Amino acid sequence: TQLLEQSPQFLSIQEGENLTVYCNSSSVFSSLQWYRQEPGEGPVLLVTVVTGGEVKKLKRLTFQFGDARKDSSLHITAAQPGDTGLYLCAGRSSGSARQLTFGSGTQLTVLP
Amino acid sequence: EAGVAQSPRYKIIEKRQSVAFWCNPISGHATLYWYQQILGQGPKLLIQFQNNGVVDDSQLPKDRFSAERLKGVDSTLKIQPAKLEDSAVYLCASSADRGLVWPQHFGDGTRLSIL
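What counts as what
- Here the residue index of a chain counts from 1 through its sequence in written order.
- All chains are assigned letters beginning with A, and all ligands numbers beginning with 1, in the order in which they are written.
- Note on the predicted model: pLDDT of at least 70 is required for a residue's local features to be given, and 80 or more for side-chain atom pairs to be given and counted; whole-chain, interface and lining totals, by contrast, use all residues.
- Water and hydrogen atoms were dropped before computing side-chain values, which therefore reflect all heavy atoms in the structure.
- Numbering of helices and strands runs from the N terminus, with a helix taken as a DSSP run of H or I at least four residues long and a strand as a DSSP run of E at least two residues long.
- The globule rule used for comparison is 2.2 Å times the number of residues to the exponent 0.38, while the radius of gyration itself is calculated over C-alpha atoms.
- Any two residues whose heavy atoms approach within 4.5 Å are treated as being in contact.
- Using a 1.4 Å probe, buried area is obtained as the accessible area two parts lose upon being combined, added over both of them.
- Salt bridges are identified by distance alone: a Lys or Arg side-chain nitrogen within 4 Å of an Asp or Glu carboxyl oxygen.
- Under the rule applied, a polar contact is a pair of N or O atoms within 3.5 Å (in protein, one hydrogen donor and one hydrogen acceptor; residues adjacent in sequence only if both atoms are side-chain atoms).
- Residue type decides the class: Asp, Glu, Lys and Arg count as charged, Ala, Val, Leu, Ile, Met, Phe, Trp, Tyr, Cys and Pro as nonpolar, and the leftover types, Gly among them, as polar.
- Joining through side-chain atoms within 4.5 Å is the link that ties buried Ala, Val, Leu, Ile, Met, Phe, Trp, Tyr and Cys residues into a set, and such a set is a nonpolar core.
- Any residue under 20% of the maximum accessible area for its type is buried, any over 50% is exposed, and the rest in between are partly exposed; the area is computed with a 1.4 Å probe on protein chains only.
- For this analysis, a ring pair means two rings from Phe, Tyr or Trp (six-membered ring only for Trp) whose centres lie within 6.5 Å, classed as stacked if their planes differ by under 30 degrees, edge-to-face if by over 60, and tilted for the remaining angles.
- Strands are treated as partners if at least two bridges between them are detected by DSSP.
- Note on definitions: angles span 0 to 180 degrees between N-to-C directions of axes, and those axes are lines fitted to C-alpha atoms, for helices only across the stretch in contact.

Chemist: Can you tell me about the overall build of chain A, naming the residues and giving the values?
Modeler: For chain A, the count of helices and strands is 0 helices and 11 strands. A globule of 112 residues ought to have a C-alpha radius of gyration of about 13 Å, and chain A, at 13 Å, matches this closely. Projected onto its principal axes, the C-alpha coordinates of chain A cover approximately 45 × 30 × 20 Å. Pairs at least 24 apart in sequence give 54% of the contacts found in chain A among residues at least 6 apart.

Chemist: Let's hear about the interface of chain A and chain B: which residues, and what values?
Modeler: Interface size is commonly expressed as the accessible surface area that is lost when the partners come together. Residue-level contacts link 23 residues of chain A with 20 residues of chain B. Taken together, the two surfaces of chain A and chain B that pack against each other cover about 1,700 Å², and 53% of this comes from carbon and sulfur. Taken together, the connections running from chain A to chain B amount to 0 salt bridges. Summed over the shared surface of chain A and chain B, the result is 4 residue pairs in polar contact (both at pLDDT 80 or more). For the side of chain A that touches chain B, the elements supplying multiple residues, two or more each, are strand 4 (31–37), strand 5 (44–49), strand 9 (85–92) and strand 10 (100–102) of chain A. In terms of residues, the side of chain A that touches chain B owes the most to one element, strand 4 of chain A, which gives 4 residues. Its residues assigned to classes, the side of chain A that touches chain B comprises 9 nonpolar, 11 polar and 3 charged.

Chemist: Before we move on, could you go through the nonpolar core and cite the residues and values that matter?
Modeler: Phe21, Trp34, Leu77, Ile79, Tyr90 and Leu112 of chain B are the most contacted members of the largest nonpolar core, which totals 21 residues. Taken together, the elements giving at least two residues each to this core come down to strand 3 (19–24), strand 4 (31–37), strand 5 (44–50), strand 8 (75–79), strand 9 (88–95) and strand 11 (110–114) of chain B. Other than its neighbours up to four places away in sequence, Tyr90 of chain B contacts Gln6, Phe21, Tyr35, Gln36, Leu46, Phe65, Leu77, Ile79, Gly109, Thr110 and Leu112 of chain B. By size, the runner-up hydrophobic cluster in this structure holds 20 residues, among which are Phe29, Leu61, Ala79 and Tyr87 of chain A.

Chemist: Help me get a handle on the packing of aromatic side chains, residues and values and all.
Modeler: The full count for this structure, using the stated rule, is 9 aromatic pairs over all chains. Consider the rings of Phe102 of chain A and Tyr35 of chain B, whose centres lie 5.5 Å apart with planes at 90°: the pair is edge-to-face. Taken as a pair, Phe102 of chain A in strand 10 and Tyr35 of chain B in strand 4 lie in two separate chains rather than in one. Residues Tyr35 of chain B and Phe106 of chain B carry aromatic rings whose centres are separated by 5.5 Å and whose planes lie at 40° to one another, so their mutual orientation is tilted. Of the two residues, Tyr35 of chain B is situated in strand 4 and Phe106 of chain B in strand 10 (residues 105–106); the sequence distance between them amounts to 71 residues.

Chemist: I'd love a proper account of the sheet that holds strand 7 (residues 61–65) of chain A, names of residues and values included.
Modeler: Residues and elements named next belong to chain A. Taken together, 5 strands build an open sheet; the order of strands is 1-3-8-7-6 and the sheet is antiparallel. The sheet is open, and its two edges are formed by strand 1 (5–7) and strand 6 (55–58), each paired on a single side. For this sheet, the mean inter-axis angle between neighbouring strands, taken without regard to orientation, is 15°. Alignment of strand 7 against strand 8 (residues 71–76), held across 5 bridges, turns out to be antiparallel. Each residue of the ladder has a partner; that of Gln64, found in strand 8, is Ser73.

Chemist: Describe the environment of Ile26 of chain B, naming the residues involved and giving the relevant values.
Modeler: Take Ile26 of chain B: it is sitting in the loop between strand 3 and strand 4. Looking at Ile26 of chain B, the relative accessible area reads 4%, which means it is buried.

Chemist: Give me the sheet that holds strand 8 of chain B: which residues, what numbers.
Modeler: Residue and element names in this part refer to chain B. Pairing is antiparallel across the open sheet formed by 4 strands, whose spatial order is 1-3-8-7. Edge positions in the sheet fall to strand 1 (5–7) and strand 7 (65–68), since each of these pairs with one other strand and no more. Adjacent strand axes in the sheet meet at a mean angle of 15°, parallel and antiparallel pairs treated alike. In the sheet, strand 1 pairs with strand 3 via 3 bridges, with the strands oriented antiparallel.

Chemist: Would you mind going over the pattern of salt bridges in detail, with residue names and values included?
Modeler: Taken as a whole and assessed by the stated rule, the structure comprises 5 salt bridges over all chains. In this structure, Lys56 of chain A engages Glu54 of chain A in a salt bridge whose closest nitrogen and oxygen atoms are separated by 3.8 Å. For Lys56 of chain A, a relative accessible area of 32% puts it in the partly exposed group. Assessed through its relative accessible area of 18%, Glu54 of chain A is described here as buried. One salt bridge in this structure joins Asp57 of chain B and Lys62 of chain B, with 3.7 Å as the shortest N-O distance.

Encoded structure:
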């Protein structure tokens, strides 16, 4: 079973601060996705990274896929209260079923 | 386009009772997934369907959980009998399966509480 460990598990910061969330595994993934989940809702896809070393930016969010495709990071610049939520990384295996394995999540709270 | 629809939104039952959840995926999506999300954890895949065939059910507790996807569209997930540890949110997702990076679209889930 492929495991994804996320850190930190909880993060509470003030509006305007920067933060980084990490997603690590000993397994190689063909692609990795980041989702955000709000209370009472399902996860919503933010980004997919495919190539080792790839960096993608989505407004104030920067996503990076590790060179070996085993880890990823999410950096948020100048966090806003609207960024509050559960951030989940999910790795896709290279097997035929293309299963998606989710990390345990990082609960982010941005205080105004 | 309409999103993934799930019902009911909430369900409270006593242990050893039965419960069923329903999912209607996005139109045209061939793959359907059921996940279990326990409070404080990420979603865990229970079963994956490709059209109406099972692709992966390795993490489905088959002694009490069952799922079907008739005609390759709607799906139901059943628990019989329920245990206390089944308290969780059950998420349904669907994807179009076009290429390596297809996204999964999630419903809002059914929150199950076992008393």
